[in-house]
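Spelled out, the chains give:
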There are 2 protein chains.
Amino acid sequence: MASGGFNPPMLHLHQATPADWGPRAAAHIDEILIDHAHLEKKAASTALTLLFRYPDEPALQRPLSALAREELSHFELVLDHIDARGGTFGKAFPSAYAAQLSQQIRRAEPLRLLDTLLVCALIEARSCERMKHLAEALPAGPLADLYAGLLASEARHHTLYVDLCEQIFAPAEVRERLSALAIRESEIIAALPREARLHSRAPA
Amino acid sequence: MASGGFNPPMLHLHQATPADWGPRAAAHIDEILIDHAHLEKKAASTALTLLFRYPDEPALQRPLSALAREELSHFELVLDHIDARGGTFGKAFPSAYAAQLSQQIRRAEPLRLLDTLLVCALIEARSCERMKHLAEALPAGPLADLYAGLLASEARHHTLYVDLCEQIFAPAEVRERLSALAIRESEIIAALPREARLHSRAPA
């Protein structure tokens, strides 16, 4: 997906983010950046966890390794922006979004793998959508450019996770489960506290 | 360190690997490659673990993120060689070397960070030394080239871990602890079983 038009159905999101999220989040951009840096690091870590858990799934190895590398390069990029603005990167507070999404993952294999790949796909999709809102709400400049540049990667990662899932599981099963998880994802994010985070309700 | 001369004291290793290790390991190169792929992935994971544990140490963030990216690109490279030889990557058996080295890490901070960085430095040093042996023992060709190419990265990673440690701790304390851990590392690896692994005694 190019950074031009944004098409939620393509990303399998059930419900779009309310229009006021972008301007409200953009007003807290320094907090958003720190949260974002942690999210890139966490995305790399999740891909690596999958590599450790499933060494016997050849389809996952190189793509998830390359994805983790890209998330880490984005982590470094976001740190550069935090530094340039005089911010300080430090400890993260646990994310209710990730915790509640993880609860949707069924425990027994191979369903655990199916669900984990699709939860990762939905997190990437939501990140993409939120970055699009930020890119539009931020004043023209390095941060608007940062988000306009990154959202295409997030869309690509969304597609990668869905594609990997369809290489391992029956596509019909993948689509059905993805729809169900997308509904839960929209319910979860709509009920989160108002906070300056990429995956929460808009700060007040 | 260039891939030309090899200088154990520069890498802070207490005891050099016996000369027969290279030819004996080279005779089991397909097993060594699979072990090696796991080690690259593990090295990335360890760097990421440090990023999660110490978000408040600015000196660690970008260097360890970049190091993790490089380890992952080596993981992918080694997978390519395994594939090219018709091998199959799969589950790893736990490494007694890593487990016994981890037992040397003191539990209380900041000593835990000091020791972890130096244990990582020593693992990179030993990897470098072993890769040099492999590069020399393997017949001229893609695998000898692989190891001749990678050993310089391992030496660089060794130096990076020691340098990061000296940015956070007093250099004299770092040198003293590094010497002590290097003695233990040499004792540990000399007492491991004979196995086709990068960090074990030579296979019989």
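For the structure, see preceding data.
Let me sum up the structure you'll find in this document. Just so it is clear, the structure is predicted and the values come from calculations on it, not from any experiment.

Here is what the cut-offs are and how they apply
- Residues numbered from 1 in each chain as written.
- Chains lettered and ligands numbered in written order.
- Predicted model: local features only at pLDDT ≥ 70, side-chain atom pairs only at ≥ 80, totals over all residues.
- Heavy atoms only, no water.
- Core = buried A, V, L, I, M, F, W, Y, C linked by side-chain atoms within 4.5 Å.
- Buried < 20%, exposed > 50% of the residue type's maximum accessible area, 1.4 Å probe, protein only.
- Contact = heavy atoms within 4.5 Å.
- 1 Å grid on protein atoms, 1.4 Å probe; cavity = no way out; pocket = protein on both sides within 12 Å on 5 of 7 lines; lining within 4 Å.
- Points joined across faces, edges and corners; volume = space filled by probe spheres on them.
- Helix = DSSP H or I, 4+ residues; strand = E, 2+ residues; numbered from the N terminus.
- Nonpolar A, V, L, I, M, F, W, Y, C, P; charged D, E, K, R; others polar.
- Least-squares fit on C-alpha atoms with pLDDT ≥ 70 in both.
- Buried area = accessible area lost by both parts, 1.4 Å probe.
- Salt bridge = Lys/Arg side-chain N within 4 Å of Asp/Glu carboxyl O.
- Polar contact = N/O pair within 3.5 Å; in protein donor to acceptor, adjacent residues only side chain to side chain.

Turning our attention to the nonpolar core. Among the nonpolar cores identified, the biggest contains 127 residues, and A:Leu134, A:Tyr147, A:Tyr161, B:Ile32, B:Leu134, B:Tyr147 and B:Tyr161 are the most heavily contacted of them. Beyond its immediate sequence surroundings of up to four residues, B:Tyr147 is in contact with B:Ile29, B:Ile32, B:Leu33, B:His36, B:Met131, B:Leu134, B:Ala135 and B:Leu138.

Looking now at the layout of surface pockets. Its boundaries defined by the atoms lining it, the largest pocket holds a volume of some 1,100 Å³. Surrounding the largest pocket, 43 residues form its lining, A:His38, A:Leu39, A:Lys42, A:Ser95 and A:Ala98 being those nearest its centre. For the lining of the largest pocket, the secondary-structure elements that each account for two or more residues are helix H2 (29-53), helix H4 (96-102), helix H5 (111-137) and helix H6 (142-168) of chain A. Considering each element in turn, the lining of the largest pocket owes the most residues, 14 residues, to H2(A). Of the residues in the lining of the largest pocket, the class split is 20 nonpolar, nine polar and 14 charged. Considered as a void within the structure, the second largest pocket measures approximately 870 Å³ in volume. Forming the boundary of the second largest pocket are 43 residues, of which B:Lys42, B:Ala43, B:Thr46, B:Ala98 and B:Ile123 lie nearest the centre. Looking at which element gives the most residues to the lining of the second largest pocket, the answer is helix H2 (residues 29-53) of chain B, with 13 residues.

Take chain B, turn it by 180°, move it 0.0 Å along the axis, and it overlays chain A with an RMSD of 0.0 Å. A rotation of that kind, with that shift, is consistent with a two-fold axis. For chain B, the minimum C-alpha distance to the rotation axis belongs to B:Arg69 and amounts to 2.4 Å. Same-surface contact between copies: 100% of interface residues of chain B are shared with the interface of chain A.

For the rest of this paragraph, the subject is unusual backbone geometry. Negative phi values dominate among residues other than glycine, just as trans dominates among peptide bonds. All names here are of chain A. A cis amide bond links Glu109 with the next residue in sequence, Pro110, at an omega value of 5°. Within the secondary structure layout, Pro110 lies in the loop between H4 and H5. A positive phi angle, close to 65°, is found at His12, a residue other than glycine. Of note, His12 is situated in the segment before helix H1 (21-26). Overall, His12 belongs to the partly exposed group, its relative accessible area being 23%.

Here we take up the interface of chain B and chain A. Between chain B and chain A, the contact holds 26 residues from the first and 26 residues from the second. Interface area for chain B against chain A, summed over the two sides, is near 2,300 Å², with a carbon-plus-sulfur share of 61%. For the pair chain B and chain A, the interface holds eight salt bridges. One salt bridge connects B:Asp80 with A:Arg62, and the closest N-O pair in it is separated by 2.7 Å. Where chain B meets chain A, there are 18 residue pairs in polar contact (both at pLDDT 80 or more). Going through the elements one at a time, H2 and helix H3 (58-84) of chain B are the ones with two or more residues in the side of chain B that touches chain A. Here the side of chain B that touches chain A takes 13 residues from H3(B), the largest share from any one element.

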